Amino acid sequence: MIIIVTGVSGTGKTTLGKALAAYLNLPFYDADEFHPAENIEKMSKGVPLNDLDRTPWLKSLAKLLIKSSAHGGSVLGCSALKESYRKVLQVNSDVKWIHLKGDRDLIWERMLARKNHYMKASMLDSQFATWEEPSYGMHLNIDQSPEKMLEEALEFLGVGIQKI
């Protein structure tokens, strides 16, 4: 099973993605960790990436997903702001999409609280401007606890939470 958790920066892709991966016993990949050095340098300076910057990054993520699919799958946390990006990541028909959504002010506060992350809060507006909301997958509101989000995501995936 391949699960891709999308959304603008600060929505909790890593938090939910890691929780899903742990629950499903799958590896978790944070797409931010696969950016080439040039992209990281650009974002560190507050410069938004363009489609040309993202192309090799998206292709490497697609290869990672294909490889993981042969070994049971994975969970990827990736902004995937545009439909064209999501098409590159749609490596097979079994990819499950979870799109995180939330109020800009809530996301802004989360980003301001981040430490040691190259994505600057000032770039949030550019991400909202770029975001092309998909018509498929699960649309999950981030204005709830991580536990509730995990529960809803597992329900969407058809995996019931085991009560202990």
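Right above here is the structure, for reference.
Residues numbered from 1 in each chain as written. Predicted model: local features only at pLDDT ≥ 70, side-chain atom pairs only at ≥ 80, totals over all residues. Heavy atoms only, no water.

**Concerning the pairing of strand E1 (residues 2-6)**
Working step 1: Of all the five residues making up E1, five are buried; the element is thus mostly covered by neighbouring parts of the structure.
Working step 2: Where burial is concerned, the two faces of E1 agree: the one with Ile-2, Ile-4 and Thr-6 and the one with Ile-3 and Val-5 are both buried.
Working step 3: Note: E1 against strand E3 (residues 74-77), four bridges, orientation parallel. Note that in E3 the partner of Ile-3 across the bridge is Val-75.
Working step 4: Bridge count for E1 against strand E4 (residues 96-101) is four bridges, and the pairing is parallel. Bridge pairing links Thr-6 to His-99 in E4. (Buried < 20%, exposed > 50% of the residue type's maximum accessible area, 1.4 Å probe, protein only. Helix = DSSP H or I, 4+ residues; strand = E, 2+ residues; numbered from the N terminus. Pairing = 2+ DSSP bridges.)

**Description of unusual backbone geometry**
Residues other than glycine predominantly adopt negative phi, and peptide bonds predominantly adopt the trans conformation.
Working step 1: Unusually for a residue other than glycine, Asn-25 sits at a positive phi of about 55 degrees.
Working step 2: Along the chain, Asn-25 falls in the loop between helix H1 (13-24) and strand E2 (28-30).
Working step 3: Residue class for Asn-25 comes out exposed when judged on its relative accessible area of 70%.
Working step 4: Phi at Ala-80 is positive, roughly 40 degrees, even though this residue is not glycine.
Working step 5: With respect to the helices and strands, the residue Ala-80 is situated in the loop between E3 and helix H4 (83-89).
Working step 6: Overall, the relative accessible area of 0% leaves Ala-80 in the buried class.

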